[in-house]
Amino acid sequence: MNPRPTPDSFIAPLEALAQLFERHGRKRWGAWAREQLSRAKRGDRAIGDWVLSGFGGMGSLSDEQFCPENTPGLARQAADQSNRELRRLLERLYSLAHAFNGSVPGGAHTSSRP
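Residues numbered from 1 in each chain as written. Predicted model: local features only at pLDDT ≥ 70, side-chain atom pairs only at ≥ 80, totals over all residues. Heavy atoms only, no water.

(A) Broad picture of the side chain of T71. Mapping T71 onto the fold places it in the loop between helix 3 (47-52) and helix 4 (76-101). At 2.9 Å, the side chain of T71 and the side chain of R26 are in polar contact. Of note is the side chain of T71, whose polar atom sits 2.7 Å from the side chain of N70. Residues in contact with T71, not counting those within four places in the same chain, are H24, R26 and F66. (Helix = DSSP H or I, 4+ residues; strand = E, 2+ residues; numbered from the N terminus. Polar contact = N/O pair within 3.5 Å; in protein donor to acceptor, adjacent residues only side chain to side chain. Contact = heavy atoms within 4.5 Å.)

Here you go:
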C-alpha cells in the first residue's frame, strides 16, 4: 500500500502546471496554480480540496487546452506537446488530491484524514 501523499507531494506538479500556463499566457490558471502551490508549501491540510476545486464544470481546468487558435504564436506540434504535458499534470494532481483526501475518483471515501 502506498503511503498517503503529503502537502509537499503537490509542490512539483503545481510548479510545473503554473509554469506551463504562464509560458502560454494563461494568467488566470497560472495564478490559480501559484495560489495552490503557496498553500502546499505552507502545509495546508485542505490542499486536496483546493486542488479538486479546479476540476469539473464549464471553464474548469479540465476544459483547458492549448491550440494555435487560442494561443498566439503557438505551432500545432508545440500545442500537441503542451497538451500532453497539461493532461499528464492534471491527471497527476487529480489523483494526488483524491489520495490525499483518502477518497477515490467518483467520491467514495476510503478512510478519514489523519
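(B) Examining the packing of helix 1 (residues 11-23) against helix 2 (residues 27-41) more closely. At a minimum axis distance of 8 Å, the contact between helix 1 and helix 2 shows a crossing angle of 160°. Regarding the angle of helix 1 to helix 2, the classification is roughly antiparallel. The chirality of how helix 1 crosses helix 2 is left-handed. Along the contact surface, helix 1 presents I11, L14, E15, L17, A18, Q19, F21 and E22, while helix 2 presents W29, G30, W32, A33, R34, Q36, L37, A40 and K41. Partitioned by chemical class, the residues of the contact of helix 1 with helix 2 number 10 nonpolar, three polar and four charged. (Axes fitted to C-alpha atoms, helices over the stretch in contact; angles between N-to-C directions. Parallel < 35°, antiparallel > 145°, perpendicular 65-115°, else oblique. Left-handed = near helix turned anticlockwise from the far one by under 90°. Nonpolar A, V, L, I, M, F, W, Y, C, P; charged D, E, K, R; others polar.)

(C) Spotlight on helix 1. Between the first and last C-alpha of helix 1 there are 18 Å, a value that for 13 residues agrees with the 18 Å anticipated at 1.5 Å per step. Residues of helix 1 that are buried include every one of P13, L14, L17, A18, L20 and F21, and no others. Down the axis of helix 1, the buried side of the element spans an arc of 165°, and every buried residue falls inside it. Along helix 1, exposed side chains directed more than 90 degrees from the buried face belong to A12 and R23. Here the buried face of helix 1 lies against helix 2 and helix 4. Count one or two residues on from helix 1 and you reach G25, which has phi positive near 70°. (Expected span 1.5 Å × (residues − 1). Buried < 20%, exposed > 50% of the residue type's maximum accessible area, 1.4 Å probe, protein only. Arc of directions from axis to C-beta.)

(D) Fine view of the packing of helix 1 against helix 4. Relative to each other, helix 1 and helix 4 sit at 145°, their axes nearing to 10 Å. In the crossing of helix 1 with helix 4, the sense of the turn from one axis to the other is left-handed. Of the residues in helix 4, those in contact with P13, L14, A16, L17, L20 and F21 of helix 1 are S82, E85, L86, L89, L90, R92, L93 and L96. In terms of residue class, the contact of helix 1 with helix 4 is made up of 11 nonpolar, one polar and two charged.

(E) Representation of the side chain of R39 within the structure. Relative to the elements of secondary structure, R39 occurs in helix 2. Polar side-chain contacts of R39 include one of 2.6 Å to the side chain of E35. Setting aside its immediate chain neighbours within four residues, R39 contacts D44, I47 and W50.

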